[in-house]
Amino acid sequence: MNTLLGRRVRTLAATTATAALALALAAGCTSSDSGGSGTKTAAGGVELVKAGHLTTCTHLPYPPFQSEIDGKVQGFDVSLIDLVAKNLGVKQEILDTPFENFKTGAFLNAGECDLAAAGMTITAERKKNVDFSDPYFDATQAVLVDKKSGITSLADVKTKGRKLGAQAQTTGEDYAKKQGFDPVSFESSDAVLNGLRTGQVQAVIIDYPVVQGWLKTKANADAFQVVDNLNTGEQYGFTVKKGNTRLLAAINKAIKDAKADGTYKKLYEKWIGPYDATAASPSPSPSSSAS
């Protein structure tokens, strides 16, 4: 199963993957090898692919939503799904997987993961293959440029004939193409920034929260600046295999409770920045088209 090769197992606090499991996952085994005894049942009757674990597919790195910090995968999405895992009485375990699989739900359908959390925008096309949670974050796209480029807007990129970069398979890339660009595609958000840093491109379009995270580093803030903020009506959601209503309900409950008791606000301020109430209370717009 070639699409499963090269995945890395990322295990969170108090969860230790055995060497045998790590090797099996890297070799691309299917759900029949999950935990050695098939699906398991957690609190609320939620069926899991591995006993004692809520297995999350993601694509690293994508700060501030998920990235490896001090040898552990952390971030806003990770913290929210930790709340789901706690309610289910299990620990979260993370698998790093190719982003293109999130559109098709391949790993969910193969029984490799219980859910996907990857700063993923809810779109009508993606909803054909997976079930989305309630929106948990409103996102905009930012245009980041080298300060020495002389670029002042997205339109200016085209006018001056400069190269634009974007992360492959994301709605940022889709938006750029709809605006008539032929963007240079990069595999990850870190690769996008590196492309800007090394001059492969002179501007990039990517989710604004990611840019916020980059600009927290002084060296990045000294070299780059945001020249456009594009409100594309995007909202993030977590995904489960179609028909997995019990897990979906557990995710939605965790999101709702976190917003009600102040946990969401604390996590937002920790990972993203100054709290934006509009991002925390999105209005339903499942037809929007990011990462």
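Every value quoted in this text rests on a predicted model; they were computed, and no experiment measured them.

What follows deals with the overall build of the chain. When helices and strands are tallied, the chain shows 12 helices and 15 strands. For the chain, buried positions account for 51% of its 291 residues. Carbon and sulfur atoms make up 52% of the accessible area of the chain, which amounts to about 12500 Å² in all.

Moving on: unusual backbone geometry. Along the chain, Leu60 connects to Pro61 via a cis peptide bond; the corresponding omega equals -10°. On the secondary structure map, Pro61 appears in the loop between strand S4 (53–58) and strand S5 (67–69). Here the amide bond leading from Pro63 into Pro64 is cis, since omega sits at 5°, within 30 degrees of zero. Considering the arrangement of structural elements, one finds Pro64 in the loop between S4 and S5. At Asp70, a residue that is not glycine, the phi angle is positive and equals roughly 55°. Asp70 gets classed as exposed once you look at its relative accessible area, which sits at 79%. Despite not being glycine, Gln169 shows a phi value in the positive range, around 65°. For Gln169, the position within the fold is in the loop between strand S11 (164–167) and helix H6 (171–178).

If you look at the biggest cluster of nonpolar residues, it comprises 46 residues, and the most contacted ones within it are Leu54, Phe76, Leu88, Phe137 and Phe238. Of all the secondary structure elements, the ones that give two or more residues to this core are helix H2 (76–88), strand S10 (137–146), helix H7 (189–197), strand S13 (203–207), helix H8 (208–214), strand S14 (224–236), helix H10 (245–261) and helix H11 (263–271). The element that contributes the greatest number of residues to this core is H10, accounting for 7 residues.

Counted by the stated rule, this structure contains 1 disulfide. Each sulfur of the disulfide joining Cys57 and Cys113 lies 1.9 Å from the other. On the sign convention where negative means left-handed, the S-S torsion of about 60° between Cys57 and Cys113 marks this disulfide as right-handed. With Cys57 in strand S4 and Cys113 in the loop between helix H4 (106–109) and strand S8 (115–116), the pair connects residues that are 56 residues apart, well separated along the chain. Across the pair, Cys113 and Cys57 agree in class, each one buried.

Another point: the pairing of S10. For S10, the tally of buried residues reaches 7 of 10 residues, placing the bulk of the element in the interior. The sheet contact formed by S10 and S14 spans 9 bridges and is antiparallel. Bridging from a neighbouring strand, Gln141 pairs with Leu230 of S14. With 5 bridges connecting them, S10 and S13 associate as antiparallel partners. Within S13, the position partnered with Ala142 by the bridge is Ile206.

Turning our attention to the packing of aromatic side chains. Under the defined criterion, the tally for this structure stands at 14 aromatic pairs. With centroids separated by 5.3 Å and ring planes inclined at 40°, the aromatic side chains of Phe99 and Phe102 adopt a geometry described as tilted. When its relative accessible area of 4% is taken as the criterion, Phe102 is described as buried. Consider the rings of Tyr136 and Phe238, whose centres lie 4.1 Å apart with planes at 5°: the pair is stacked. Taken together, the residues span a long stretch of sequence, with Tyr136 in the loop between strand S9 (130–132) and S10 and Phe238 in the loop between S14 and strand S15 (239–241) at a distance of 102 residues. Overall, the relative accessible area of 0% leaves Tyr136 in the buried class. Among the aromatic residues, those joined into a ring-pair cluster are Tyr62, Phe65, Phe76, Tyr136, Phe137, Tyr236, Phe238, Tyr264 and Tyr268. Its guanidinium or amino end placed over the ring of Phe181, Lys158 lies 4.8 Å from that ring's centre, counting from NZ or CZ. Over the ring of Tyr264 we find Lys259, and its NZ or CZ is 5.5 Å from the ring centre.

Glancing now at the confidence of the model for the chain. Looking at the chain, pLDDT values average 82 and 81% of them are 70 or higher. In the model, residues 1–38 has pLDDT below 50 throughout and makes 72 contacts with residues more than four positions away in sequence or in other chains. When the criterion is pLDDT under 50, residues 283–290 qualifies, and its contacts beyond four places in sequence or with other chains add up to 32 contacts.

Attention now goes to the side chain of His59. On the secondary structure map, His59 appears in the loop between S4 and S5. A polar contact is formed between the side chain of His59 and the backbone oxygen of Thr97, at a distance of 2.8 Å. A polar side-chain atom of His59 sits 3.3 Å from the main-chain carbonyl oxygen of Glu187.

Another aspect to go through is the pattern of salt bridges. Taken as a whole, this structure holds 7 salt bridges when the rule is applied. Salt-bridge contacts for Glu93 lead to Lys50; the nearest nitrogen and oxygen are separated by 3.2 Å. With a gap of 43 residues between them, Glu93 in strand S7 (residues 91–96) and Lys50 in the loop between strand S3 (47–48) and S4 connect regions that are remote in the sequence. Classification of Lys50 as buried rests on a relative accessible area of 13%. Residue Lys265 is joined to Glu269 by a salt bridge in which the shortest nitrogen-to-oxygen separation is 2.8 Å. One end of the pair is Lys265 and the other is Glu269, both in helix H11 and 4 residues apart, which spans about a single turn. Judged by relative accessible area, Lys265 falls into the partly exposed class, the value being 38%.

Thresholds, definitions, all that
- Residues numbered from 1 in each chain as written.
- Predicted model: local features only at pLDDT ≥ 70, side-chain atom pairs only at ≥ 80, totals over all residues.
- Heavy atoms only, no water.
- Helix = DSSP H or I, 4+ residues; strand = E, 2+ residues; numbered from the N terminus.
- Buried < 20%, exposed > 50% of the residue type's maximum accessible area, 1.4 Å probe, protein only.
- Areas by Shrake-Rupley, 256 points an atom, 1.4 Å probe, with all protein chains shown as cover.
- Core = buried A, V, L, I, M, F, W, Y, C linked by side-chain atoms within 4.5 Å.
- Disulfide = S-S within 2.5 Å.
- Pairing = 2+ DSSP bridges.
- Phe/Tyr/Trp six-rings, centres within 6.5 Å; stacked < 30°, edge-to-face > 60°.
- Lys NZ or Arg CZ within 6 Å of the ring centre and 35° of its normal.
- pLDDT = per-residue confidence, 0-100.
- Contact = heavy atoms within 4.5 Å.
- Polar contact = N/O pair within 3.5 Å; in protein donor to acceptor, adjacent residues only side chain to side chain.
- Salt bridge = Lys/Arg side-chain N within 4 Å of Asp/Glu carboxyl O.

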